[in-house]
Amino acid sequence: MIRLDRRILTHFDFFQLFLIIPIIILSYILVSEVNTTLAGKQIVYFSAGFMLFCLFFLMPIRRLQWIIPTVYWFNIVLLVSVEFFGISKLGAQRWLDIPFVHFTLQPSEMMKPALLLMLAYLIKKRPPDEEGYNLKEFLRLSFYILLPFVLIAKEPDLGTALILLLVGYAVLFVIGVNKRIWITIFVAIACLAPVLYENLHDYQKKRILDFISEKPSYHVRQSIIAIGSGGLKGKPKDEATQTHFKFLPIATSDFIFAYTIERFGFYGALGLLGFYGALIAHLLSLNYMLKNDHFTQVMTTGIAVMIFIYVGVNISMTIGFAPVVGVPLPFFSYGGTSFVTFMVLFGMLENLLTFRYDFAGKFLKFQR
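- Labelled according to an unreviewed UniProt entry, the protein chain appears under the name Rod shape-determining protein RodA, originating from Campylobacter pinnipediorum subsp. pinnipediorum.
- The UniProt entry for the protein chain carries the following comment under Subcellular location (unreviewed entry): "Membrane".

Written out as structure tokens, the structure reads:
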């Protein structure tokens, strides 16, 4: 059992909460303005996310590291099960139906924390040398990244698959891989880009064509109109006609950033991006304190990169700089899956940061 004492308050990273809570509050305000029913459901998601945050914060993760490979392979089994027993929604087979409770499970979301934990486990077992991982070790770690990527891309859910791929290799980049390996990979991707494009699904190709065409899609046009109408300071709730007259599609989730600007203008968007930027920078800065703790370093890097990708892709598609994909803003877009996933990740991270001592009470030494 972990003894709850003053050391928890000493090592708990309150700055993360200071940056995340305002994002959650603003999200609830905007969602409640658009749809009070969805706002009520969002409260349920907030409650579930908070309980899971507490659960994983109090879980002795360092003592349970031996179970991580089992968790990873269990999630792989779930991803394989989607191929045979999954249910389809909106043309994609990504969910498993849980009998008797009328609840569906999306294994691709569960794979996000499972992959980070597995990489943290493997890298801690065999940390890189001064020149970084050699080709053999790089391929060994790549196997654990590429396996879920292939299974999720086959559903098809290329967006989630690419996020896992980018997060996994970003972690390896920060931890350390021989630079010649990276050069080879970048050259290979450039050469194989046409082949990769030809193997995309038709709807994925259409999103890319819509993106590069001179005239943006309907969704993006309405989003740009909402953004432009917000100006510098935004509009009162009753004057945000682009959203409240239903011209702006999916205003509570995929395009909530456009509604944010319509309501609070450029200054509001700048404030929101400031919170995200500060959170990402803070997480990455923790790596300097954790140079001797590869396990926690993998988690901080992975979560920071994941937030960066989510925010970058969502905002880029909102303003027409990227194809429209279902990538939400972390802690901000309506929905339970993404919110709960990030709360679980931050619960794990707070646990690793707070309990940075062994269970006999001796603190781990970190290079500062």
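Let us keep going from here.
### Side note on the overall build of the protein chain
Here's step 1: When its secondary structure is counted, the protein chain shows 14 helices and three strands.
Here's step 2: In terms of overall size, the protein chain behaves like a compact globule, its C-alpha atoms giving a radius of gyration of 21 Å where 368 residues would be expected to give roughly 21 Å.
Here's step 3: Oriented by its inertia axes, the alpha-carbon framework of the protein chain measures out at about 60 × 55 × 45 Å.
Here's step 4: Looking at the protein chain alone, contacts between residues at least 24 apart form 73% of all its contacts between residues at least 6 apart.
Here's step 5: Split by element, the accessible area of the protein chain, about 18,900 Å² in all, is 68% carbon and sulfur.

### Description of the packing of aromatic side chains
Here's step 1: All chains considered together, the criterion is met by 23 aromatic pairs.
Here's step 2: Pairing tyrosine 72 with tyrosine 144 gives two aromatic rings, centres 5.6 Å apart and planes at 65°, and the pair type is edge-to-face. You can see tyrosine 72 sitting in helix α4 (residues 68-85) and its partner tyrosine 144 sitting in helix α6 (residues 135-153), a full 72 residues away along the chain.
Here's step 3: One cation-aromatic arrangement involves arginine 263 over phenylalanine 264; the distance from NZ or CZ to the ring centre is 4.8 Å.

### Let's talk about the packing of α4 against helix α5 (residues 107-125)
Here's step 1: Interaxial distance between α4 and α5 falls to 9 Å at its minimum, and their mutual angle equals 150°. Overall, the two elements α4 and α5 adopt an arrangement that is roughly antiparallel. Relative to α5, the crossing made by α4 is left-handed. Note on element contacts: α5 touches α4 through Pro107, Ser108, Met110, Met111, Ala114, Leu115, Leu117, Met118 and Tyr121, opposite Ile68, Pro69, Val71, Tyr72, Asn75, Ile76, Leu78, Leu79 and Val82.
Here's step 2: Looking at side-chain class alone, the contact of α4 with α5 contains 16 nonpolar, two polar and no charged residues.

### A closer look at the side chain of serine 333
Here's step 1: By the element assignment, serine 333 lies in the loop between α13 (294-318) and α14 (337-354).
Here's step 2: Side-chain polar atoms of serine 333 contact the backbone nitrogen of leucine 329, separated by 2.8 Å.
Here's step 3: Once residues lying within four places of it in the same chain are set aside, the contact partners of serine 333 are Gln42, Thr252, Ser253, Ile256 and Pro328.

### Notes on the layout of surface pockets
Here's step 1: Estimates place the volume of the second largest pocket at around 250 Å³.
Here's step 2: In this structure, the second largest pocket is lined by 14 residues; those nearest its centre are Leu17, Ile21, Ile24, Phe50 and Met343.
Here's step 3: For the lining of the second largest pocket, the elements supplying multiple residues, two or more each, are α2 (14-34), α3 (36-58) and α14.
Here's step 4: Among the elements that take part in the lining of the second largest pocket, α2 stands out by supplying five residues, more than any other.
Here's step 5: The class makeup of the residues in the lining of the second largest pocket is twelve nonpolar, one polar and one charged.

### As for unusual backbone geometry
Here's step 1: At lysine 246, a residue that is not glycine, the phi angle is positive and equals roughly 70°.
Here's step 2: You can see lysine 246 is positioned in the loop between α11 (241-244) and α12 (256-285).
Here's step 3: In this structure, phenylalanine 331 is a non-glycine residue whose phi angle is positive, near 65°.
Here's step 4: Tracing the backbone through its elements, the reader meets phenylalanine 331 in the loop between α13 and α14.

### Observations regarding a nonpolar patch on the surface
Here's step 1: Judged by side-chain polarity, Leu64, Trp66, Ile67 and Val71 come together as a nonpolar surface patch covering roughly 360 Å² of accessible area.
Here's step 2: Looking at the secondary structure, you find isoleucine 67 in the loop between α3 and α4.
Here's step 3: A relative accessible area of 33% places isoleucine 67 in the partly exposed class.

### Considering the packing of α5 against α6
Packed helices, taken two at a time, are described by the angle their axes make and the gap between the axes.
Here's step 1: The geometry of α5 relative to α6 is characterised by a closest axis approach of 10 Å and an angle of 175° between their N-to-C directions. The orientation of α5 with respect to α6, classified from their angle, is roughly antiparallel. In this structure, α5 contributes Ser108, Met111, Leu115, Met118, Leu119, Leu122 and Ile123 to the contact, and α6 contributes Arg140, Leu141, Tyr144, Ile145, Pro148 and Ile152.
Here's step 2: Here the contact of α5 with α6 is composed, by residue class, of eleven nonpolar, one polar and one charged.

Criteria and cut-off values
- Residues numbered from 1 in each chain as written.
- Predicted model: local features only at pLDDT ≥ 70, side-chain atom pairs only at ≥ 80, totals over all residues.
- Heavy atoms only, no water.
- UniProt positions renumbered as here; feature names shortened; annotations may be inferred.
- Helix = DSSP H or I, 4+ residues; strand = E, 2+ residues; numbered from the N terminus.
- Rg over C-alpha atoms; globule rule 2.2 N^0.38 Å.
- Contact = heavy atoms within 4.5 Å.
- Areas by Shrake-Rupley, 256 points an atom, 1.4 Å probe, with all protein chains shown as cover.
- Phe/Tyr/Trp six-rings, centres within 6.5 Å; stacked < 30°, edge-to-face > 60°.
- Lys NZ or Arg CZ within 6 Å of the ring centre and 35° of its normal.
- Axes fitted to C-alpha atoms, helices over the stretch in contact; angles between N-to-C directions.
- Parallel < 35°, antiparallel > 145°, perpendicular 65-115°, else oblique.
- Left-handed = near helix turned anticlockwise from the far one by under 90°.
- Nonpolar A, V, L, I, M, F, W, Y, C, P; charged D, E, K, R; others polar.
- Polar contact = N/O pair within 3.5 Å; in protein donor to acceptor, adjacent residues only side chain to side chain.
- 1 Å grid on protein atoms, 1.4 Å probe; cavity = no way out; pocket = protein on both sides within 12 Å on 5 of 7 lines; lining within 4 Å.
- Points joined across faces, edges and corners; volume = space filled by probe spheres on them.
- Patch = residues over 30% accessible without salt bridge, like charges linked within 9 Å, V, L, I, M, F, W, Y side chains within 5 Å.
- Salt bridge = Lys/Arg side-chain N within 4 Å of Asp/Glu carboxyl O.
- Buried < 20%, exposed > 50% of the residue type's maximum accessible area, 1.4 Å probe, protein only.

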